[in-house]
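Structure assessment
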Amino acid sequence: SSSSGDEALRDKRARILSRGLPKQKPIEGVKQVVVVASGKGGVGKSTTAVNIALALAANDSAKEVGLLDADIYGPSIPKMMNLKGNPELTPKNLMRPLKNYGISCMSMGFLIEETAPVVWRGLMVMSAIEKLLRQVDWGQLDYLVVDMPPGTGDVQLSISQNIPIAGAVIVSTPQDVALLDAHKGAEMFRKVNVPVLGLVQNMSVFQCPKCKHETHIFGADGVRDLAKTLGLDILGDVPLHINIRETCDSGQPVVISQPQSDA
(Lines give C-alpha, C1' and ligand atoms only; values in the text may rest on other atoms or scores of the structure.)
Protein backbone atom coordinates (compact mmCIF):
# COMPACT_ATOMS: atom_id res chain seq x y z
CA SER A 1 0.00 0.00 0.00
CA SER A 2 1.05 3.61 -0.44
CA SER A 3 1.13 4.22 3.34
CA SER A 4 3.59 1.35 3.93
CA GLY A 5 5.69 2.64 1.00
CA ASP A 6 5.73 6.13 2.58
CA GLU A 7 6.76 4.62 5.90
CA ALA A 8 9.63 2.68 4.30
CA LEU A 9 10.77 5.89 2.58
CA ARG A 10 10.69 7.79 5.88
CA ASP A 11 12.69 5.03 7.59
CA LYS A 12 15.28 5.08 4.82
CA ARG A 13 15.58 8.87 4.99
CA ALA A 14 15.98 8.75 8.78
CA ARG A 15 18.74 6.11 8.46
CA ILE A 16 20.63 8.22 5.88
CA LEU A 17 20.31 11.37 7.99
CA SER A 18 21.44 9.65 11.18
CA ARG A 19 24.43 8.15 9.37
CA GLY A 20 25.43 11.57 8.04
CA LEU A 21 25.45 13.40 11.38
CA PRO A 22 28.59 13.12 13.51
CA LYS A 23 28.25 11.52 16.93
CA GLN A 24 28.53 14.09 19.71
CA LYS A 25 31.57 13.49 21.88
CA PRO A 26 32.30 15.58 24.98
CA ILE A 27 35.57 17.51 25.20
CA GLU A 28 37.74 15.67 27.69
CA GLY A 29 37.75 17.30 31.13
CA VAL A 30 35.03 19.85 30.24
CA LYS A 31 31.73 19.67 32.16
CA GLN A 32 29.65 22.37 30.45
CA VAL A 33 30.05 24.20 27.14
CA VAL A 34 28.37 27.58 26.63
CA VAL A 35 28.58 29.17 23.17
CA VAL A 36 28.31 32.93 22.62
CA ALA A 37 27.05 33.67 19.13
CA SER A 38 25.64 36.37 16.89
CA GLY A 39 24.20 36.36 13.43
CA LYS A 40 26.12 39.53 12.58
CA GLY A 41 29.70 40.70 13.10
CA GLY A 42 30.56 43.80 15.09
CA VAL A 43 27.83 43.52 17.73
CA GLY A 44 30.25 42.93 20.64
CA LYS A 45 30.10 39.15 20.78
CA SER A 46 33.76 38.62 21.71
CA THR A 47 33.58 41.37 24.35
CA THR A 48 30.50 39.63 25.80
CA ALA A 49 32.15 36.18 25.70
CA VAL A 50 35.29 37.43 27.49
CA ASN A 51 33.31 39.18 30.22
CA ILE A 52 30.95 36.20 30.67
CA ALA A 53 33.96 33.90 31.20
CA LEU A 54 35.48 36.32 33.74
CA ALA A 55 32.10 36.78 35.48
CA LEU A 56 31.59 33.01 35.81
CA ALA A 57 34.99 32.73 37.51
CA ALA A 58 34.38 35.83 39.68
CA ASN A 59 30.99 34.55 40.88
CA ASP A 60 32.49 31.29 42.16
CA SER A 61 36.24 31.06 42.68
CA ALA A 62 35.96 27.26 43.02
CA LYS A 63 34.93 26.99 39.36
CA GLU A 64 37.50 26.48 36.60
CA VAL A 65 36.65 28.40 33.42
CA GLY A 66 38.08 28.20 29.90
CA LEU A 67 37.63 30.38 26.82
CA LEU A 68 37.84 29.03 23.27
CA ASP A 69 38.11 31.47 20.36
CA ALA A 70 36.41 29.68 17.45
CA ASP A 71 36.73 32.66 15.10
CA ILE A 72 39.48 31.44 12.77
CA TYR A 73 39.51 34.45 10.42
CA GLY A 74 39.27 37.19 13.07
CA PRO A 75 40.49 35.95 16.47
CA SER A 76 40.00 38.61 19.17
CA ILE A 77 40.62 36.71 22.40
CA PRO A 78 44.46 37.09 22.50
CA LYS A 79 44.21 40.92 22.50
CA MET A 80 41.20 41.10 24.83
CA MET A 81 42.75 38.68 27.35
CA ASN A 82 46.24 40.26 27.01
CA LEU A 83 47.87 37.02 25.89
CA LYS A 84 50.71 36.36 23.43
CA GLY A 85 52.87 33.39 22.54
CA ASN A 86 52.62 29.85 21.26
CA PRO A 87 50.99 27.07 23.28
CA GLU A 88 53.33 24.45 24.75
CA LEU A 89 52.74 20.81 23.84
CA THR A 90 52.10 18.08 26.41
CA PRO A 91 53.79 14.64 26.16
CA LYS A 92 50.54 13.49 24.47
CA ASN A 93 51.02 16.19 21.78
CA LEU A 94 48.09 18.28 23.03
CA MET A 95 48.26 22.08 23.16
CA ARG A 96 48.32 23.71 26.60
CA PRO A 97 46.02 26.76 26.81
CA LEU A 98 47.53 30.13 27.70
CA LYS A 99 46.21 31.58 30.95
CA ASN A 100 45.39 35.04 32.28
CA TYR A 101 43.07 36.30 35.01
CA GLY A 102 42.60 32.63 35.98
CA ILE A 103 40.99 31.80 32.60
CA SER A 104 42.49 29.13 30.29
CA CYS A 105 42.39 30.42 26.69
CA MET A 106 42.92 28.89 23.26
CA SER A 107 42.77 30.75 19.96
CA MET A 108 43.96 30.56 16.38
CA GLY A 109 45.62 33.89 17.24
CA PHE A 110 48.24 31.99 19.29
CA LEU A 111 49.22 29.90 16.27
CA ILE A 112 49.74 32.64 13.66
CA GLU A 113 51.41 36.06 13.52
CA GLU A 114 49.20 38.86 14.91
CA THR A 115 48.86 40.67 11.55
CA ALA A 116 48.88 37.56 9.32
CA PRO A 117 45.59 36.96 7.48
CA VAL A 118 44.14 33.44 7.46
CA VAL A 119 43.57 32.90 3.72
CA TRP A 120 41.97 29.46 3.89
CA ARG A 121 39.19 27.56 2.24
CA GLY A 122 36.47 25.79 4.21
CA LEU A 123 38.20 22.42 4.62
CA MET A 124 41.27 23.97 6.24
CA VAL A 125 39.07 26.00 8.58
CA MET A 126 37.17 22.85 9.60
CA SER A 127 40.46 21.06 10.24
CA ALA A 128 41.59 23.96 12.48
CA ILE A 129 38.30 23.85 14.40
CA GLU A 130 38.71 20.10 14.92
CA LYS A 131 42.20 20.71 16.36
CA LEU A 132 40.96 23.49 18.66
CA LEU A 133 38.17 21.22 19.92
CA ARG A 134 40.06 17.94 20.25
CA GLN A 135 43.78 18.69 20.59
CA VAL A 136 43.81 21.00 23.59
CA ASP A 137 44.59 19.88 27.14
CA TRP A 138 41.99 21.85 29.12
CA GLY A 139 42.64 19.97 32.37
CA GLN A 140 39.40 20.00 34.38
CA LEU A 141 36.94 22.79 33.48
CA ASP A 142 33.52 23.50 34.94
CA TYR A 143 32.69 25.85 32.04
CA LEU A 144 34.13 26.31 28.58
CA VAL A 145 32.88 29.53 26.95
CA VAL A 146 33.14 29.39 23.15
CA ASP A 147 33.36 32.66 21.22
CA MET A 148 31.75 31.69 17.91
CA PRO A 149 32.37 33.43 14.59
CA PRO A 150 29.42 35.48 13.29
CA GLY A 151 26.82 33.80 11.09
CA THR A 152 25.21 30.37 10.74
CA GLY A 153 27.71 28.47 8.60
CA ASP A 154 29.98 25.42 8.67
CA VAL A 155 31.84 26.29 11.88
CA GLN A 156 28.67 26.86 13.91
CA LEU A 157 27.07 23.65 12.62
CA SER A 158 30.22 21.60 13.12
CA ILE A 159 30.67 22.73 16.74
CA SER A 160 26.95 22.26 17.49
CA GLN A 161 26.93 18.73 16.07
CA ASN A 162 30.30 17.50 17.36
CA ILE A 163 30.15 18.43 21.05
CA PRO A 164 27.32 18.54 23.61
CA ILE A 165 26.45 22.19 24.31
CA ALA A 166 24.72 23.22 27.54
CA GLY A 167 23.37 26.40 25.96
CA ALA A 168 23.84 29.29 23.56
CA VAL A 169 23.83 33.02 24.31
CA ILE A 170 22.87 35.25 21.37
CA VAL A 171 24.31 38.79 21.28
CA SER A 172 22.73 41.56 19.22
CA THR A 173 22.42 45.32 19.08
CA PRO A 174 18.87 46.76 18.87
CA GLN A 175 19.46 47.66 15.20
CA ASP A 176 17.04 46.02 12.72
CA VAL A 177 19.74 44.50 10.47
CA ALA A 178 21.44 42.92 13.51
CA LEU A 179 18.11 41.60 14.84
CA LEU A 180 17.34 39.83 11.54
CA ASP A 181 20.61 37.89 11.81
CA ALA A 182 20.19 37.26 15.56
CA HIS A 183 16.78 35.72 14.81
CA LYS A 184 18.42 33.39 12.26
CA GLY A 185 21.11 32.46 14.79
CA ALA A 186 18.54 31.52 17.44
CA GLU A 187 16.57 29.42 14.93
CA MET A 188 19.77 27.63 13.82
CA PHE A 189 20.52 26.52 17.38
CA ARG A 190 16.95 25.31 17.81
CA LYS A 191 17.25 23.28 14.63
CA VAL A 192 20.35 21.47 15.95
CA ASN A 193 18.77 21.00 19.41
CA VAL A 194 21.03 23.43 21.29
CA PRO A 195 19.12 25.23 24.07
CA VAL A 196 19.17 29.02 23.67
CA LEU A 197 19.73 30.44 27.17
CA GLY A 198 18.67 33.92 26.11
CA LEU A 199 19.64 37.15 24.37
CA VAL A 200 22.06 39.92 25.33
CA GLN A 201 21.14 43.42 24.12
CA ASN A 202 24.47 45.17 23.56
CA MET A 203 25.14 48.85 22.82
CA SER A 204 21.59 49.55 23.96
CA VAL A 205 21.96 53.19 25.02
CA PHE A 206 24.65 55.90 24.99
CA GLN A 207 24.83 58.34 27.90
CA CYS A 208 26.61 61.64 27.29
CA PRO A 209 29.40 61.85 29.90
CA LYS A 210 28.89 65.63 30.23
CA CYS A 211 25.12 66.22 30.32
CA LYS A 212 23.99 62.60 31.04
CA HIS A 213 21.47 62.75 28.19
CA GLU A 214 20.69 59.25 26.88
CA THR A 215 20.58 58.46 23.15
CA HIS A 216 19.47 55.16 21.62
CA ILE A 217 21.96 55.20 18.73
CA PHE A 218 21.03 51.74 17.42
CA GLY A 219 17.32 51.94 18.30
CA ALA A 220 15.47 51.14 21.51
CA ASP A 221 14.43 47.73 22.85
CA GLY A 222 14.75 45.84 19.56
CA VAL A 223 16.31 42.82 21.28
CA ARG A 224 13.60 42.85 23.96
CA ASP A 225 10.96 42.68 21.22
CA LEU A 226 12.82 39.81 19.52
CA ALA A 227 13.08 37.96 22.85
CA LYS A 228 9.29 38.21 23.24
CA THR A 229 8.77 36.92 19.69
CA LEU A 230 11.07 33.93 20.31
CA GLY A 231 9.87 33.30 23.88
CA LEU A 232 13.39 33.85 25.27
CA ASP A 233 14.86 35.70 28.25
CA ILE A 234 16.93 38.89 28.13
CA LEU A 235 20.13 37.98 29.99
CA GLY A 236 21.66 41.44 29.97
CA ASP A 237 21.23 44.97 28.67
CA VAL A 238 24.68 46.46 28.08
CA PRO A 239 25.11 50.19 27.37
CA LEU A 240 27.38 51.65 24.69
CA HIS A 241 30.11 52.78 27.07
CA ILE A 242 33.69 53.84 26.35
CA ASN A 243 35.00 51.92 29.39
CA ILE A 244 33.75 48.60 28.04
CA ARG A 245 35.49 49.20 24.70
CA GLU A 246 38.71 50.63 26.12
CA THR A 247 39.21 47.94 28.76
CA CYS A 248 38.81 45.11 26.23
CA ASP A 249 41.11 46.83 23.72
CA SER A 250 43.78 47.20 26.42
CA GLY A 251 43.50 43.55 27.51
CA GLN A 252 41.91 44.39 30.89
CA PRO A 253 38.20 43.52 30.44
CA VAL A 254 35.75 45.60 32.48
CA VAL A 255 34.62 42.69 34.70
CA ILE A 256 38.18 42.25 35.98
CA SER A 257 39.48 45.85 35.86
CA GLN A 258 36.36 47.74 37.03
CA PRO A 259 34.19 45.18 38.85
CA GLN A 260 32.30 47.83 40.88
CA SER A 261 31.45 50.06 37.90
CA ASP A 262 27.94 50.29 36.39
CA ALA A 263 29.35 48.97 33.12
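Residues numbered from 1 in each chain as written. Predicted model: local features only at pLDDT ≥ 70, side-chain atom pairs only at ≥ 80, totals over all residues. Heavy atoms only, no water.

For the protein chain, an unreviewed UniProt entry supplies the name Iron-sulfur cluster transfer protein NUBPL and the organism Prunella himalayana. Per UniProt, the protein chain carries the Subcellular location (unreviewed entry) text "Mitochondrion". Within the UniProt record for the protein chain, the comment given under Sequence similarities (unreviewed entry) is "Belongs to the Mrp/NBP35 ATP-binding proteins family." (UniProt positions renumbered as here; feature names shortened; annotations may be inferred.)

Some points on the layout of surface pockets
The calculated volume of the largest pocket comes to roughly 880 Å³. In terms of lining, the largest pocket is formed by 39 residues, of which the most central are Gly44, Thr47, Thr48, Asn51 and Val238. Breaking the lining of the largest pocket down by element, the ones donating at least two residues are α2 (45–59), β7 (196–201), β10 (234–237), α8 (242–249) and α9 (254–257). A total of nine residues in the lining of the largest pocket trace back to one element, the largest contributor, which is α2. Along the lines of polarity and charge, the residues of the lining of the largest pocket split into 21 nonpolar, 13 polar and five charged. Counted as a void, the second largest pocket has a volume near 460 Å³. The wall of the second largest pocket is formed by 23 residues, among which Pro78, Lys84, Gly109, Glu113 and Glu114 lie closest to the centre. Per-class residue counts for the lining of the second largest pocket are ten nonpolar, eight polar and five charged. (1 Å grid on protein atoms, 1.4 Å probe; cavity = no way out; pocket = protein on both sides within 12 Å on 5 of 7 lines; lining within 4 Å. Points joined across faces, edges and corners; volume = space filled by probe spheres on them. Helix = DSSP H or I, 4+ residues; strand = E, 2+ residues; numbered from the N terminus. Nonpolar A, V, L, I, M, F, W, Y, C, P; charged D, E, K, R; others polar.)

Concerning the sheet that holds strand β5 (residues 141–147)
Neighbouring strands of a sheet are bound in pairs by backbone hydrogen bonds; such pairs are parallel or else antiparallel. In space, the eight strands of this open sheet follow the order β3-β4-β2-β5-β1-β6-β7-β10, with mixed pairing throughout. A strand with exactly one partner marks an edge of an open sheet, and here the two such strands are β3 (98–100) and β10. For this sheet, the mean inter-axis angle between neighbouring strands, taken without regard to orientation, is 25°. Sitting on the sheet, helix α6 (residues 176–191) is in contact with β1 (30–37), β6 (167–172) and β7, with an inclination near 170° to β6. (Pairing = 2+ DSSP bridges. Axes fitted to C-alpha atoms, helices over the stretch in contact; angles between N-to-C directions. Contact = heavy atoms within 4.5 Å.)

Brief notes about the nonpolar core
Leu67, Ile159 and Phe189 are the most contacted members of the largest nonpolar core, which totals 67 residues. Those residues in contact with Leu67 that sit more than four places away from it in its chain are Ala49, Val50, Ala53, Ile77, Met81, Ile103, Ser104, Cys105, Met106, Trp138, Leu144 and Val145. (Core = buried A, V, L, I, M, F, W, Y, C linked by side-chain atoms within 4.5 Å. Buried < 20%, exposed > 50% of the residue type's maximum accessible area, 1.4 Å probe, protein only.)

Regarding the environment of Asp237
With respect to the helices, strands and loops of the structure, Asp237 is situated in strand β10. The class for Asp237 is partly exposed, based on a relative accessible area of 34%. Sequence separation of Asp237 and Met203 is 34 residues, and the distance between their C-alpha atoms is 8.0 Å. What Asp237 contacts, discounting residues up to four positions off in sequence, is Gln201, Ser204 and Arg224. Engagement of the side chain of Asp237 in a polar contact is seen with the side chain of Gln201, the distance being 3.4 Å. A polar contact of 2.9 Å, which involves the side chain of Asp237, links it to the side chain of Arg224. (Polar contact = N/O pair within 3.5 Å; in protein donor to acceptor, adjacent residues only side chain to side chain.)

Comments concerning the pattern of salt bridges
In this structure the tally under the stated criterion is eight salt bridges. Note that Glu64 is salt-bridged to Lys99, the shortest N-O span being 3.9 Å. Note that Glu64 is positioned in the loop between α2 and β2 (65–69) and Lys99 in strand β3, a separation of 35 residues in sequence. Taking the shortest distance from any N to any O, the salt bridge between Arg224 and Asp237 comes out at 2.9 Å. (Salt bridge = Lys/Arg side-chain N within 4 Å of Asp/Glu carboxyl O.)

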